[in-house]
Amino acid sequence: MPPSQVIPAAVIFGATACGKTALAAHLFTSHTSPINAEIISADSVQVYRGMPIGSAQPPQELLDALPHHLIGICAPSEEFSVADFVRNADELCKDIFSRGKLPVILGGTGFYIKHFMYGMPVTPQADPLIRAQLQEKMQRVGAAAMHAELAAFDPVSAAKIHIRDEYRILRAHEVYCSSGRPLSSFELPYRYREGFRFCPVFLDRSRGELYRRIEDRVDEMFAQGLQQEVRQLVAQGCTAAYPAMKAIGYREFFELSPDAPEAAPLDAVNALIKRNSKRYAKRQQTFFQSFPNVHRIDMSDDASEQQVAKILHKFCNSGH
């Protein structure tokens, strides 16, 4: 791709509840904002339809004012992989840039962010026979047992993959069975992909402040009708096996009441979602802090929004 075709892309990321959506609203919807942008959501739960509350989807007024992409594009039964995200984000960046706007990748799904900036590792292609055998084993022994096996032959990947993330556990097993090498051995160096000019911005908060915001957010989700949302999803046929239902904010209903998730005890579900969200946020922060050469913004600073605006303005006005 010739230099004149290099696409500028802002990549704004941070842990759950750190303030990403509010920042985007402030930066890109003001009539006085010099940055004409569109958002590409890097959120592995917001891709699903019918889940606006539990996925903390941006409010409709913001979606109306600021174009967002990759929100509500999949049925809850569908898988949406990292490769799917990168492929879609690439096409969207080209389209947004061709219309004279800045593509802004915004979200907290670490592997989406990482592989969008640094590329996908070259791993063995899927072997249908091996995959079918592993899927049968997963159904027979369960995700926890498969995760324990993964920890034995690839502890690095096991530490990054949640014990209930069946899709990624299976993929790690599949790579090992196909190649004899652990998935972690295919990791890429931190070198940006060609064809893009990235401006990575990490939105950080202290652990205590982030945890308080998570508690407030979960309480607000229940006030908005999270239980009713789960009830509607179950009525539509969603089960615990659906990829979307394995997300924090939904799986807790199924864990506490497998036969009638919509009737799970709300206080217990609330507490479990808060606990799981805090653990996830801690992993996100650790993961993002390993990224080199990023702009780190302390979101508790009153001037944080102005700091990000200054960084983006400089980025948009530099051609290299």
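Everything numeric here is computed off the predicted structure, so don't read it as measured data. (Residues numbered from 1 in each chain as written. Predicted model: local features only at pLDDT ≥ 70, side-chain atom pairs only at ≥ 80, totals over all residues. Heavy atoms only, no water.)

J.: What's the story with the environment of Glu-166 in this structure? I'm lost.
T.: With respect to the helices and strands, the residue Glu-166 is situated in helix α8 (residues 166-179). Considered as a pair, Glu-166 and Glu-79 are 87 residues apart in the sequence and their alpha carbons are 11 Å apart. In this structure Glu-166 touches Met-138, Ala-143 and Lys-246, once residues within four positions along its chain are discounted. At a separation of 3.2 Å, a polar atom in the side chain of Glu-166 contacts the side chain of Lys-246. (Helix = DSSP H or I, 4+ residues; strand = E, 2+ residues; numbered from the N terminus. Contact = heavy atoms within 4.5 Å. Polar contact = N/O pair within 3.5 Å; in protein donor to acceptor, adjacent residues only side chain to side chain.)

J.: In this structure, what is going on with the side chain of His-68? I would like to understand it.
T.: The topology assignment puts His-68 in strand β3 (residues 68-69). A polar contact of 2.7 Å, which involves the side chain of His-68, links it to the backbone oxygen of Leu-66. Contacts of His-68, omitting those with residues within four sequence positions, involve Ile-39, Pro-58, Leu-62 and Leu-63.

J.: Would you take a moment to explain the pairing of strand β1 (residues 7-14) for this structure?
T.: When a strand is regular, its side chains alternate between the sheet's two faces. β1 sits mainly inside the fold: 8 of its 8 residues count as buried. Residues Ile-7, Ala-9, Val-11 and Phe-13 line one face of β1 and the alternating positions Pro-8, Ala-10, Ile-12 and Gly-14 line the opposite face, and both faces are buried. Judged from the 8 bridges that link them, β1 and strand β5 (residues 196-204) form a sheet pairing that is parallel. Bridged to Ile-12 within β5 is Val-201. (Buried < 20%, exposed > 50% of the residue type's maximum accessible area, 1.4 Å probe, protein only. Pairing = 2+ DSSP bridges.)

J.: Where do I start with the side chain of Asp-90 in this structure?
T.: Tracing the backbone shows Asp-90 in helix α3 (residues 82-98). Judged by relative accessible area, Asp-90 falls into the buried class, the value being 16%. If sequence neighbours within four positions are ignored, Asp-90 has contacts with Phe-116, Arg-193 and Phe-196.

J.: Explain the pattern of salt bridges to me, please; I cannot follow it from the model alone.
T.: Here the idea is simple: oppositely charged side chains can pair when their charged atoms come close. On inspection of all chains with the given rule, the structure shows 18 salt bridges. Note that Lys-278 and Glu-215 form a salt bridge whose closest N and O atoms lie 2.5 Å from each other. Here the residue Lys-278 occupies a position in helix α12 (residues 266-288), and Glu-215 occupies one in helix α9 (residues 207-224), the gap between them amounting to 63 residues. You can call Glu-215 partly exposed: its relative accessible area is 31%. Members of the salt-bridge network, linked through shared partners, are Glu-38, Asp-95, Arg-99 and Lys-101. (Salt bridge = Lys/Arg side-chain N within 4 Å of Asp/Glu carboxyl O.)

J.: Mind showing me how you'd approach the packing of helix α5 (residues 128-141) against helix α6 (residues 143-153) here?
T.: Axis angle and axis distance: for two packed helices, these are the angle between their axes and the distance between the axes, and together they describe the pair. For the pair α5 and α6, the least separation of the axes is 7 Å and the interaxial angle reads 120°. When the axis of α5 is compared with that of α6, the two are oblique. Contacts between α5 and α6 involve Leu-134, Lys-137, Met-138 and Val-141 on the former and, on the latter, Ala-143, Ala-145, Met-146 and Glu-149. Considered class by class, the residues forming the contact of α5 with α6 number 6 nonpolar, no polar and 2 charged. (Axes fitted to C-alpha atoms, helices over the stretch in contact; angles between N-to-C directions. Parallel < 35°, antiparallel > 145°, perpendicular 65-115°, else oblique. Nonpolar A, V, L, I, M, F, W, Y, C, P; charged D, E, K, R; others polar.)

J.: So what exactly am I meant to see when it comes to the packing of aromatic side chains here?
T.: For any pair of aromatic rings, geometry is given as the distance between the ring centres together with the angle between the planes. Applying the stated criterion to the full structure yields 19 aromatic pairs. Taking the centre distance of 5.8 Å and the plane angle of 15° together, the rings of Phe-13 and Phe-202 count as stacked. Taken as a pair, Phe-13 in strand β1 and Phe-202 in strand β5 lie far apart in primary sequence, 189 residues in all. Here Phe-13 and Phe-202 have matching classes, each one buried. (Phe/Tyr/Trp six-rings, centres within 6.5 Å; stacked < 30°, edge-to-face > 60°.)

J.: Quick question: what am I supposed to make of the sheet that holds β5 here?
T.: With parallel pairing, the 6 strands of this open sheet are ordered in space as β3-β2-β4-β1-β5-β6. Each edge of the open sheet is held by one strand with a lone partner, namely β3 and β6 (295-298). Judged from the 4 bridges that link them, β1 and strand β4 (residues 102-107) form a sheet pairing that is parallel. Each bridged residue has a counterpart across the sheet, and for Phe-13 the counterpart in β4 is Gly-107. Together, β1, β2 (37-42), β3, β4 and β5 form the strand contacts of α3, whose direction differs from that of β2 by roughly 180°.

J.: Would you explain helix α1 (residues 20-28) in this entry?
T.: Spacing of three or four residues puts side chains on the same side of an α-helix, whose turn is 3.6 residues. Of all the residues in α1, the buried ones are Lys-20, Leu-23, Ala-24, Leu-27 and Phe-28. Projected down its long axis, α1 shows its buried positions confined to an angular sector of 100°, all on one face. Contacts from the buried residues of α1 go to β1, β2, β4, β5 and α13 (304-316). (Arc of directions from axis to C-beta.)

Remember, this is a structural readout, not a statement about activity or role.
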